[in-house]
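One-letter residues, chain by chain:
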Amino acid sequence: MRIVRQTWLVLSVLMAFVVRQIAVAVPANTKDGRQKEEERILDAVIVGGGFSGLTTAYKLRKKDILLLEKEATLGGRCQSGSWNGFHYPKGTEYIGKPEGGMKRFFRRVGIKAIPVPPPTDGTAYQGKLYLGADMLGYLNEEEKRSYYRLNRDLTRLNKSGVEDAIFWDQEDLAEYEAMDTVNLGQWMEREGYSPLVRKYVDVENRGLFGTDNANYSLFYNVPEMAFNMPFEKTAGISEVYSFEHGMYSVVEAVAQKIEGKYKTGASVTEVKVNSEGLAVVRYLENGKERKVKALTVVMCTPAQVTEKILKEGISPNARRTLAGMDYSKYVTINFFTKNRRLEKAWAVSCVDEGQVVTIYDVIRPQVEDGYQGKSIVSVYMAPEHAYDTAFLQQTDQQLLDNAYRTFNRYFPGFESEVLGHDITRFDYAFPVFNPGYSQKVRSLYNDPSLRGPVFLAGDFMVYATVDGAMISGNRAAKGVLRYLRGKK
Ligand SMILES: Cc1cc2nc3c(=O)[nH]c(=O)nc-3n(C[C@H](O)[C@H](O)[C@H](O)COP(=O)(O)OP(=O)(O)OC[C@H]3O[C@@H](n4cnc5c(N)ncnc54)[C@H](O)[C@@H]3O)c2cc1C
């Protein structure tokens, strides 16, 4: 069986190579440029220009590639706006301190991460703000002990290899299957952490991943929560980083490096693998249908979108897995204000504010200490639980009323100081890491139909963060290079 598969693989790669040579030899004076484009056979088409697609494209930039992005701008869930000389994030805001491959990547594309000035964390609870070194002031002594115990427990679990298995050693995921069947909410209750600490973690998870404790696997929560829980004693140290123009600097820098090799406003409608083993990608550009062929295609769209677009080329098992990956919804609102009202912390977690989960002093890395003038403050709003699909159906006014209720409570008169706003809705905000998720990752990781000509990337393949998306893009690009080498 294995020999048959290998023979088939060698034949299809050889066939693709021959076809490519013929196509490359098509005279340049074909009737029409468009037809020429359709005859050309690229090394790779990359579908989707978020962090995973951009990383893939950067890694493959010396090859004959084309990245297709449906929106007018690259970046996916990382988008940026500007107002009054400030930039502001509409989605992705920060990363942890870049290390290893990520640090090298940023150096190569010519950007340097800068720490967000501390203190970064704060808490809003029952109408009072707890900022900087007082960030845990909302907990009584017993609750604080519970909080510290939780952090110790999560750190211990993380060091037992969880983070490495999720990010780096996916072949080891099977070892953690038992931990991945555990529901975080039930685990915290069983372990006896205080109700307020459990509520805080729920709000953090909804803020970070649009997912409540009850729909979250303990296993997948460990790396983020072990890193994310703030402490009074580290209030003066920044653990969060961004760039000169926020995270959008990464998008800008990579876009420069792949200049001429991407198209925006190009919405892919269908990907098939033809009888010659080539990927045939159809897309709409300015209302016109276009087609491009390539030796490989890397799908860098959310799992469910990928499943809809990919008509052929993957196993039924991979298709089922992709279709079964759920996404939570999310909304961000940036408010442009007459005065700066939040100054003593960068991110404030709102423990008892319903859909309002985090407030950000967006301009903090862009101004001197003590700046008081015009400002931008953003509010991140999450569904009550991961499967709350009605969340995005709220009107702008309903979302604004919700946000104002919280702001007016903590900053009296806030609404009257607002000069404008920008609302962003995310339909595919975060893959839901519910119990058993590692099995889905493993089944994609081990699926032979995803080793060419079709490859997958996206945060859902690793973890719902920038580094997760970048690692997946890097891996997909390596797979493409291996596949292309195989035909020589
Ligand atoms: C509000 C919010 C805040 C976040 N904050 C952080 C943070 O601070 N730090 C962090 O590490 N992570 C954060 N994340 C998570 C992080 O943004 C994601 O994990 C990461 O950006 C995912 O990248 P991706 O390439 O996998 O997907 P995406 O960014 O979703 O990229 C997919 C791309 O495919 C495109 N596409 C879709 N359909 C088609 C089609 N038919 N044809 C062509 N293109 C198509 C989309 O337009 C999109 O550009 C945040 C997410 C959200 C929603």
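Just above sits the structure.
Here is what the cut-offs are and how they apply
Residues numbered from 1 in each chain as written. Predicted model: local features only at pLDDT ≥ 70, side-chain atom pairs only at ≥ 80, totals over all residues. Heavy atoms only, no water. Buried < 20%, exposed > 50% of the residue type's maximum accessible area, 1.4 Å probe, protein only. Helix = DSSP H or I, 4+ residues; strand = E, 2+ residues; numbered from the N terminus. Pairing = 2+ DSSP bridges. Axes fitted to C-alpha atoms, helices over the stretch in contact; angles between N-to-C directions. Salt bridge = Lys/Arg side-chain N within 4 Å of Asp/Glu carboxyl O. Parallel < 35°, antiparallel > 145°, perpendicular 65-115°, else oblique. Contact = heavy atoms within 4.5 Å. Nonpolar A, V, L, I, M, F, W, Y, C, P; charged D, E, K, R; others polar. Near = heavy atom within 4 Å. Polar contact = N/O pair within 3.5 Å; in protein donor to acceptor, adjacent residues only side chain to side chain. Areas by Shrake-Rupley, 256 points an atom, 1.4 Å probe, with all protein chains shown as cover. 1 Å grid on protein atoms, 1.4 Å probe; cavity = no way out; pocket = protein on both sides within 12 Å on 5 of 7 lines; lining within 4 Å. Points joined across faces, edges and corners; volume = space filled by probe spheres on them.

**Describing the pairing of strand β14 (residues 327-337)**
Point 1. Counting buried positions along β14 yields eleven of eleven residues, so the element is predominantly enclosed.
Point 2. Residue alternation in β14 divides its side chains into two sets, Tyr-327, Lys-329, Val-331, Ile-333, Phe-335 and Thr-337 and Ser-328, Tyr-330, Thr-332, Asn-334 and Phe-336, and both sets are buried.
Point 3. Both β14 and strand β18 (residues 418-431) contribute to a ladder of ten bridges, which runs antiparallel. Bridge pairing links Thr-332 to Thr-424 in β18.

**Digging into the sheet that holds strand β7 (residues 128-131)**
Point 1. Within the open sheet, the seven strands sit side by side as β7-β6-β15-β16-β17-β14-β18. Their pairing is mixed. The sheet is open, and its two borders are formed by β7 and β18, each paired with just one other strand. When the angles between neighbouring strand axes are averaged without regard to direction, this sheet yields 20 degrees.
Point 2. Two strands pair when backbone bridges link them, and strand β15 (residues 347-350) and strand β16 (residues 356-361) are joined in this way by three bridges, in the antiparallel orientation.

**Some points on the pattern of salt bridges**
Point 1. Applying the stated criterion across every chain yields a total of 18 salt bridges.
Point 2. For the salt bridge of Lys-144 with Glu-141, the shortest nitrogen-to-oxygen distance reads 3.8 Å. Residue Lys-144 and its partner Glu-141 are located together in helix α5 (residues 141-167), separated by three residues, close to a single helical turn.
Point 3. For Lys-144, a relative accessible area of 15% puts it in the buried group.
Point 4. Taken together, the shared-partner salt bridges connect Glu-141, Lys-144 and Glu-232 into one network.

**Section: the packing of α5 against helix α9 (residues 218-228)**
Any two packed helices are characterised by the angle at which their axes cross and by the distance between the axes.
Point 1. Axis separation between α5 and α9 bottoms out at 8 Å; the angle between their running directions is 110 degrees. Considering the angle they form, α5 stands roughly perpendicular to α9. Between α5, through Asn-151, Leu-154, Thr-155, Leu-157, Asn-158, Val-162, Glu-163, Ile-166 and Phe-167, and α9, the contact on the second element is made entirely by Leu-218, Phe-219, Tyr-220, Val-222, Pro-223, Met-225 and Ala-226.
Point 2. Its residues assigned to classes, the contact of α5 with α9 shows twelve nonpolar, three polar and one charged.

**Details of helix α10 (residues 248-257)**
Point 1. Most of α10 is tucked away: seven of the ten residues are buried.
Point 2. Where α10 is buried, its residues touch α3 (51-59), β3 (80-83), α4 (100-109), β9 (244-247) and β10 (262-263).

**Quick look at the site of the ligand**
Point 1. The local shell around the ligand holds 36 residues, among which Ser-52, Glu-69, Tyr-94, Asp-459 and Val-466 are the closest.
Point 2. At 2.9 Å, a side-chain N or O of Glu-93 approaches a nitrogen atom of the ligand.
Point 3. If the ligand stood free it would expose 1000 Å²; the protein chains cover 93% of that surface.
Point 4. Each residue belonging to the shell around the ligand can be placed in one class, and the counts come to 17 nonpolar, 13 polar and six charged.

**What to know about the layout of surface pockets**
Point 1. Put simply, the second largest pocket is a space of about 240 Å³.
Point 2. Taken together, Lys-97, Pro-98, Glu-99, Lys-103, Phe-106, Arg-107, Ile-111, Lys-112, Ala-113 and Tyr-241 make up the full set of residues lining the second largest pocket.
Point 3. No other element matches the three residues that α4 contributes to the lining of the second largest pocket.

**What about unusual backbone geometry?**
Point 1. Each neighbour pair has its own omega, and for Pro-118 with Pro-119 the value is -5 degrees, a cis peptide bond.
Point 2. Mapped onto the elements, Pro-119 comes out in the loop between β5 (114-115) and β6 (121-125).
Point 3. The linkage connecting Gly-452 with the following residue, Pro-453, adopts the cis geometry, with an omega of 0 degrees.
Point 4. Turning to its location among the elements, Pro-453 is positioned in the loop between α14 (437-445) and β19 (454-456).
Point 5. Backbone geometry places Asn-84, a non-glycine residue, at a positive phi of 50 degrees.
Point 6. Turning to its location among the elements, Asn-84 is positioned in the loop between β3 and β4 (86-89).
Point 7. Of the residues examined, Asn-84 reaches a relative accessible area of 44% and is grouped as partly exposed.

**Section: the environment of Gly-53**
Point 1. Along the chain, the position of Gly-53 falls in helix α3.
Point 2. For the pair Gly-53 and Gln-366, spaced 313 residues apart in sequence, the C-alpha separation works out to 28 Å.
Point 3. The residues contacting Gly-53, other than those within four sequence positions of it, are Ile-46, Gly-48, Leu-67 and Cys-300.

Everything listed is a geometric property; what it means functionally is a separate question.
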